[in-house]
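Each chain is listed here by its residues.
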Amino acid sequence: MADRSGPLAGIRVIDITQFVLGPYATQILGDLGAEVIKVETPSGDRQRREMGRIAPAEDVSATFLQLNRNKRSVVLDLKSDAGREHLRTLIRTADVFVHNMRPEAVERLGFGYREVQAIRPDIVYGWACGFGKGGAYAGRQAFDDLIQGAAGATALLPMYDGNPDPRPIPTYMADKVCGLMLVIGVQSALLHRERTGEGQEVKVPMLESFAGFLLVEHLHGHSYSPPRGKLGHPGALTPFRKALQTSDGYIMILAQDVDASDRYLALGGIDAAEVQRRYAAEPDGRGRVAAYHRMLAEAAATRTTTDWMDLGTKHSIPIMRVNSLESVLEDPHLTDVSFFSARPIDDEVGSYLAMAPGIEFSATPMAITREPPRLGQHTEEVLHSLNSDRSLA
Ligand SMILES: CC(C)(COP(=O)(O)OP(=O)(O)OC[C@H]1O[C@@H](n2cnc3c(N)ncnc32)[C@H](O)[C@@H]1OP(=O)(O)O)[C@@H](O)C(=O)NCCC(=O)NCCSC(=O)C(=O)O
């Protein structure tokens, strides 16, 4: 399509996903330049209605807006013959087909891999499912909370705060990580197709995919075979890993080497002799680690966050301001690079706050060329183009 830029320009994606994972993945494909046609049930992607209380219209929840730009919306009732026939026609024109239904549901509709491959032999068929074939959980429903629970992510917060209740990390972590895996899988399959002409099924089981992401550092002593320690507290979970209070906010500091650490403490009024004196007062290594972190905190409190940001640059110390979910909207760097932009949708919805795509390409820049669509906004346009353009039929 002429209106698309980015490295995937010219790739057409038929996207029948809903909720978070699938739409997140297909939005990235759209940001990368692919033409994404979002096929929705007559009642729409269920994510459209999340947080409806504050939405200006029923079909545009806040989260939906962040997951569906660079797409067109076409309503097709896939439980009707006409709807299925239109989808088959669309698939004939497509490079990629993506869904996130359970196996029996997609088979019932008649759009399993073999059926879609029969329509378009070189199709890249992307599929986000809960669990891989043949396992005890195959075919079960999967949402972010369930997968965070099964993968062990719900054990992390209790390790920090002492509240023993397993709880999910408060972001749709499994959905987004698995969405990225789906993008990687689809892109790799496109590259393979480019080289060989062969399409394939690309399946991302959420549990396997998210467990592989999470356990990188959390296998800890069990990384060794036989195990050399118990599961427990890898570096990522040290209780000292926390923000430090400045005179007017918070910073993160990660002084990886002794010199940077010494420079930081000296700037906070604790010179090398004082550091040694405090260490000497401790009975053992554990006490010295705790003393060190007390000194980091004491130093932080002597200056403002902005001072520390400046000194970090000047003295080569890894320091960063800590934002709240409100102040991140006004972060100086994100402001400089115009990361957030208000973009108009229509009179009823007004504008939404878009975040810039996260990859910088030198030759094929990514761009937002379409705002998140209203439900069925492009049904007529797309179906009309299918009828009028014989190359698509
Ligand atoms: C998300 C789900 C739990 C939802 O479960 P279910 O509501 O039971 O849906 P199923 O996928 O089994 O079936 C979907 C049903 O929608 C119907 N369907 C789908 N598209 C259409 C259209 N266009 N028209 C008519 N009907 C449609 C389809 O025929 C099925 O109907 P019937 O045949 O009549 O059943 C599951 O799909 C799933 O586990 N998906 C894989 C992993 C995933 O992506 N999870 C969500 C991540 S987002 C997330 O975690 C989050 O938001 O939080």
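From a predicted model like this one, the values you see are computed outputs, not experimental measurements.

About the cut-offs
- Per-chain numbering applies: the sequence of each chain, read as written, is numbered from 1 onward.
- Per-residue local features of the predicted model are confined to residues with pLDDT of at least 70, and side-chain atom pairs are confined, for both listing and counting, to 80 or more; whole-chain, interface and lining totals are unaffected and use all residues.
- No hydrogens and no water enter the side-chain calculation; it runs on all heavy atoms of the structure.
- Proximity is defined per residue: any heavy atom of the residue falling within 4 Å of a molecule or strand makes that residue near it.
- For this analysis, a polar contact is any N or O atom pair within 3.5 Å, provided that within protein one partner can donate a hydrogen and the other can accept it, and provided that sequence-adjacent residues contribute only side-chain to side-chain pairs.
- With residues, only the protein chains shown are counted as cover, and all accessible areas are computed by Shrake-Rupley using a 1.4 Å probe.
- Grid spacing is 1 Å over the protein atoms alone, the probe is 1.4 Å, and a cavity is where that probe fits but cannot get out, while a pocket is an open set with protein on both sides within 12 Å along at least five of seven lines and lining residues have an atom within 4 Å of a point.
- Grid points define the cavity or pocket, and a molecule sits in it when more than half of its atoms lie within 2 Å of them.
- Where helices and strands are cited, they refer to DSSP runs of H or I of at least four residues and of E of at least two residues respectively, numbered from the N terminus.
- At least two bridges found by DSSP between two strands is the condition for calling them paired.
- By the convention used here, residues are in contact when the closest approach between their heavy atoms is within 4.5 Å.
- To define axes, lines are fitted to C-alpha atoms, for helices over the stretch in contact only, and angles between the resulting N-to-C directions are given on a 0 to 180 degree scale.
- By convention a nonpolar core is built from buried Ala, Val, Leu, Ile, Met, Phe, Trp, Tyr and Cys residues, the set being connected through side-chain atoms within 4.5 Å.
- Each residue's exposure class comes from its accessible area (1.4 Å probe, protein chains only) as a fraction of the maximum for that residue type: buried when under 20%, exposed when over 50%, partly exposed otherwise.
- Grid points are joined across faces, edges and corners, and a volume is the space filled by probe spheres set on the points.
- Gly is put with the polar residues, along with every residue not named as nonpolar or charged; the nonpolar set is Ala, Val, Leu, Ile, Met, Phe, Trp, Tyr, Cys and Pro, and the charged set is Asp, Glu, Lys and Arg.

### Looking at the site of the ligand
Taken together, 27 residues surround the ligand, and among them Arg-46, Lys-79, Asn-100, Ala-142 and Asp-144 come closest. Within the contact set of the ligand, an oxygen atom lies 2.9 Å away from a side-chain nitrogen or oxygen of Arg-102. A distance of 2.9 Å is found between an oxygen atom of the ligand and a side-chain nitrogen or oxygen belonging to Gln-141. Considering the ligand on its own, with 1,000 Å² of exposed area, one finds that the protein chains cover 85% of that surface. Applying the majority rule of atoms within 2 Å of the grid points places the ligand in the largest pocket. When contributions to the shell around the ligand are tallied by element, the ones reaching two or more residues are helix 4 (103-109) and strand 5 (124-129). A total of 3 residues in the shell around the ligand trace back to one element, the largest contributor, which is helix 4.

### Looking at the sheet that holds strand 9 (residues 319-321)
The strand order across the open sheet built from 3 strands is 7-8-9, with neighbouring strands paired in antiparallel fashion. Of all the strands in the sheet, the pair left with one neighbour each is strand 7 (244-245) and strand 9. In this sheet, strand 9 lies alongside strand 8 (residues 250-253) in antiparallel orientation, the contact comprising 3 bridges. Across the sheet, the residue bridging to Ile-251 is Arg-321, located in strand 9. Across the sheet, helix 13 (residues 305-315) touches strand 8 and strand 9, and the angle it forms with strand 9 is around 145°.

### A look at the nonpolar core
Judged by nonpolar contacts, the single largest core of 36 residues is most densely connected at Val-13, Val-96, Leu-182 and Phe-210. The set of elements that each furnish at least two residues to this core consists of helix 1 (21-31), strand 4 (96-99), strand 5, helix 6 (144-151), helix 8 (173-196), strand 6 (200-205) and helix 9 (206-218). Counting residues per element, this core draws most heavily on helix 8, which supplies 8 residues. Contacts of Val-96, omitting those with residues within four sequence positions, involve Ile-11, Arg-12, Val-13, Ile-14, Ile-123, Val-124, Val-186 and Leu-190. Formed by 26 residues, the second largest nonpolar core is a distinct cluster that contains Ile-16, Val-39, Leu-87 and Leu-383.

### Concerning the sheet that holds strand 1 (residues 12-15)
The strands that make up a sheet pair up through hydrogen bonds in the backbone, lying either parallel or antiparallel. Taken together, the 6 strands give an open sheet; going across it, the order is 3-2-1-4-5-6, and neighbouring strands pair in parallel fashion. Pairing within the sheet leaves two strands with one partner each, and these edge strands are strand 3 (71-75) and strand 6. Neighbour to neighbour, the strand axes of the sheet diverge by 20° on average, direction disregarded. Examined bridge by bridge, strand 2 (residues 35-40) and strand 3 share 5 bridges and lie parallel to one another. In the strand pairing of strand 3, Val-36 is matched with Lys-71. Its contacts with the sheet put helix 9 on strand 5 and strand 6, and the angle it makes with strand 6 is roughly 65°.

### A look at the layout of surface pockets
By volume, the largest pocket amounts to about 940 Å³. Forming the boundary of the largest pocket are 37 residues, of which Gln-18, Phe-19, Arg-46, Asn-100 and Met-101 lie nearest the centre. Elements represented by at least two residues in the lining of the largest pocket include exactly strand 2, helix 4, strand 5 and helix 6. By residue number, the principal contributor to the lining of the largest pocket is helix 4, which donates 4 residues. Here the lining of the largest pocket is composed, by residue class, of 17 nonpolar, 7 polar and 13 charged. Here the second largest pocket defines a volume of roughly 760 Å³. Broken down by secondary-structure element, the contributors of at least two residues to the lining of the second largest pocket are helix 1 and helix 8. It is helix 8 that contributes the most residues to the lining of the second largest pocket, 6 residues altogether. Here the lining of the second largest pocket is built from residues that sort into 19 nonpolar, 6 polar and 4 charged.

### Quick look at unusual backbone geometry
The peptide bond linking Ser-225 to Pro-226 adopts the cis configuration, its omega dihedral lying at 0°. Inspection of the secondary structure assignment puts Pro-226 in the loop between helix 9 and strand 7. Non-glycine residue Ser-316 carries a positive phi angle of around 55°. Along the chain, the position of Ser-316 falls in the loop between helix 13 and strand 9. Take Ser-316: its relative accessible area is 53%, and that puts it in the exposed class. Its identity as a non-glycine residue notwithstanding, Ser-338 has a phi of 50°, on the positive side.

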